[in-house]
Each structure stands twice: as structure tokens, then as C-alpha cells.
Amino acid sequence: MNEDLRNVVLGVLATGISASLGWLARTYIWRRKLRRKQAFFGLSGGSECLLVVNRKAGSDRAVHNVDVSALLELSALIKDCGARPEIVQHDMARQGLGDRAEFCVGGPYSNRRMAAHLASLLPGLSMNVESDPVADRGMFTVGGAVHRGVPGEAEFVVLARLTGGEGGLPVFLFCGQSAISNQAAARHLARHHEKLARKYGSGPFVLLLKVVNSDAYGPDVVELVADVTRAARTAPAPEPAGT
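Calculation rules
Residues numbered from 1 in each chain as written. Predicted model: local features only at pLDDT ≥ 70, side-chain atom pairs only at ≥ 80, totals over all residues. Heavy atoms only, no water. Buried < 20%, exposed > 50% of the residue type's maximum accessible area, 1.4 Å probe, protein only. Helix = DSSP H or I, 4+ residues; strand = E, 2+ residues; numbered from the N terminus. Pairing = 2+ DSSP bridges. Axes fitted to C-alpha atoms, helices over the stretch in contact; angles between N-to-C directions. Parallel < 35°, antiparallel > 145°, perpendicular 65-115°, else oblique. Left-handed = near helix turned anticlockwise from the far one by under 90°. Contact = heavy atoms within 4.5 Å. Nonpolar A, V, L, I, M, F, W, Y, C, P; charged D, E, K, R; others polar. Core = buried A, V, L, I, M, F, W, Y, C linked by side-chain atoms within 4.5 Å. Patch = residues over 30% accessible without salt bridge, like charges linked within 9 Å, V, L, I, M, F, W, Y side chains within 5 Å. Areas by Shrake-Rupley, 256 points an atom, 1.4 Å probe, with all protein chains shown as cover. Salt bridge = Lys/Arg side-chain N within 4 Å of Asp/Glu carboxyl O. Lys, Arg positive; Asp, Glu negative; His and termini not counted. Charge placed at Lys NZ, Arg CZ, Asp CG, Glu CD.

Looking at this structure, how should I read the pairing of strand β3 (residues 102-105)?
In the case of a regular strand, side chains alternate between the two sheet surfaces. Side chains Glu102 and Cys104 project from β3 onto one buried face, and the interleaved Phe103 and Val105 project onto a second face that is buried too. Here strand β1 (residues 48-53) runs beside β3; their pairing, made up of 3 bridges, is parallel. If you follow Leu51 over to β3, its bridge partner there is Phe103. Inspection of the sheet shows β3 paired to strand β8 (residues 170-176) by 4 bridges, in the parallel sense. Paired with Val105 across the bridge in β8 is Phe174.

Would you take a moment to explain the packing of helix α2 (residues 65-80) against helix α4 (residues 179-200) for this structure?
Geometrically, a packed helix pair is captured by the angle between its two axes and the distance between the axes. Packing of α2 against α4 brings their axes to within 8 Å, and their N-to-C directions diverge by 15°. Judged on the interaxial angle alone, α4 and α2 are roughly parallel. Handedness of the α2/α4 crossing: left-handed. On α4, the residues that touch Val66, Asp67, Ser69, Ala70, Glu73, Leu74 and Leu77 of α2 are Ala179, Ile180, Asn182, Gln183, Ala186, Arg187, Leu189, Ala190 and His193. Taken together, the residues of the contact of α2 with α4 break down into 9 nonpolar, 4 polar and 3 charged.

Explain the nonpolar core to me, please; I cannot follow it from the model alone.
One recurring pattern in soluble globular proteins is that nonpolar side chains are buried together. Judged by nonpolar contacts, the single largest core of 30 residues is most densely connected at Phe41, Leu43, Leu74, Phe103, Phe174 and Leu189. Residue assignment for this core shows that the elements contributing at least two residues are α1 (3-41), β1, α2, β3, β7 (154-163), β8, α4 and β9 (205-212). For this core, the element with the most residues is α4, which contributes 6 residues. By size, the runner-up hydrophobic cluster in this structure holds 24 residues, among which are Ala93, Cys104, Val206 and Val228.

Would you explain a positive patch on the surface in this entry?
Residues Arg32, Arg35, Arg36, Lys195, Arg198 and Lys199 make up a contiguous surface patch of positive charge. Among the elements of the structure, α1 and α4 are those that each provide at least two residues to the positive patch. Under the relative-accessibility criterion, Lys195 is labelled exposed at 57%.

Teacher, can you tell me more about the sheet that holds strand β6 (residues 145-147) here?
Sheet strands associate in pairs through backbone hydrogen bonding, adopting either a parallel or an antiparallel arrangement. Across the sheet, which stays open at both edges, the 3 strands sit in the order β4-β5-β6 with antiparallel pairing between neighbours. Strand pairing shows two members of the sheet lacking a second neighbour, β4 (125-127) and β6, which therefore form its edges. Geometrically, the sheet is characterised by an average inter-axis angle of 15° between neighbouring strands, direction not taken into account. Taken together, the 3 bridges between β4 and strand β5 (residues 140-142) define a ladder with antiparallel strand orientation.

Put into C-alpha cells, the structure is as follows:
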């Protein structure tokens, strides 16, 4: 073999080795990111999770079309993890926590399971479910602060990752003052789950978000109002007797 041919062969081998090493490195990075994503969402390849849906106001079964959009965004996340969602109506999800990852969408006025989660997992956070006065509909109270929304201008939503039960798998809450705020929280999670995983790991978090001018921007412009994890998870002190 002359020198020119040897150089060509060595060049081809070097190119093949470099390409193989690059492919292996990209595969390793992709698999590591996937494992982190699966751990954060409590999902593994081939597993099942719950997608608990609320009902449209004034209807026993229909789901608001904007909430359907939120479910589609969550379904894409679940599919990326190699898992399968089981969509369940809020009043049919009669099972405990921790055995399967769960994504629960809708406020307590239209989602009984959300109401149960707020009562048992977030005793320091409340959401007004009364129709009157109108200005107080959907009002959040947490840590002594009150957050009233203005439809289409400034709407609040709670995005939370919590754990409970023996299985230890998480439940994600998307509890908003409107359907568009529920979708905004789902989109925020889809866009920022890596950042949230780096900050909170597999631990709990409760974030109060504000959806800005949804009439113009839809669910895309979201601001973080506060991390209310501690206040929301701490039951308020009982009032003194006789007050």
C-alpha cells in the first residue's frame, strides 16, 4: 500500500470514528435529558398517568375548548417521556395519590378533584368559588395576600408540583381563574420544565403566575408573581376561641 492510499484509508477511518463518537455523545446527552425529564414528571417509558379534566361551566360533561388545548400540550409532554395518558373526568377519578403521575386541570368550582387536592395538599391556599360578588370570583388567598383577576387583562393561575401517597409519584396542578389561564400554566410548564427541574429537583413547588392581557396575547405572556410553596403548604393558625 503506497503512502497516498494509506493516507486516504486513515482519513476515512478517522472520519468514521469521529462520526461514531459524535453520535454516541449526542445519544448519551439525549438519553440523560430524557431521564431527567421522566424523573421530573414521574413518568417512565411505557408507564401510564392520569389527565384529570374539569367540565365547562353550565355543562355536565363538556370540556372547555381552551382546556382541550391545555390537555394537548400536556399530552405532548407525556408522549415525549414515552408514557401514555388516561383522560378521566374529574368526578370519575376516584383513586389515591402517588401510584401514577397526575395532571389535574381546572379550578375547584368545575373540578372536584382539584378541590380535594387544594384541601389536602395546599391547606394554606384558597380559591373563592362563590358567584357573588363578581369581583371576588376565583380570588386566590395565600400567605395573607389576596389576588383578584380581571378577565382578559390579568388572570392568576397556580402551577404546582406536589407529592402524596405511598407511591411518591407527583401530581401537577393547573388551577386558574379561567380556561386561558389553565392553558397558560400548561404552556409555561412545557417551556420551562428544565429550569424548574434544575431549581426544585424532584421536590414540591407552588407558583402563582399572572397571565397578562390574554385578550391580545392568549396564553403566551406569563409573569411569575411569587413562589408560594411554603405559605400554600402550611395550614393557617386557628383563630382564637370566641372571635
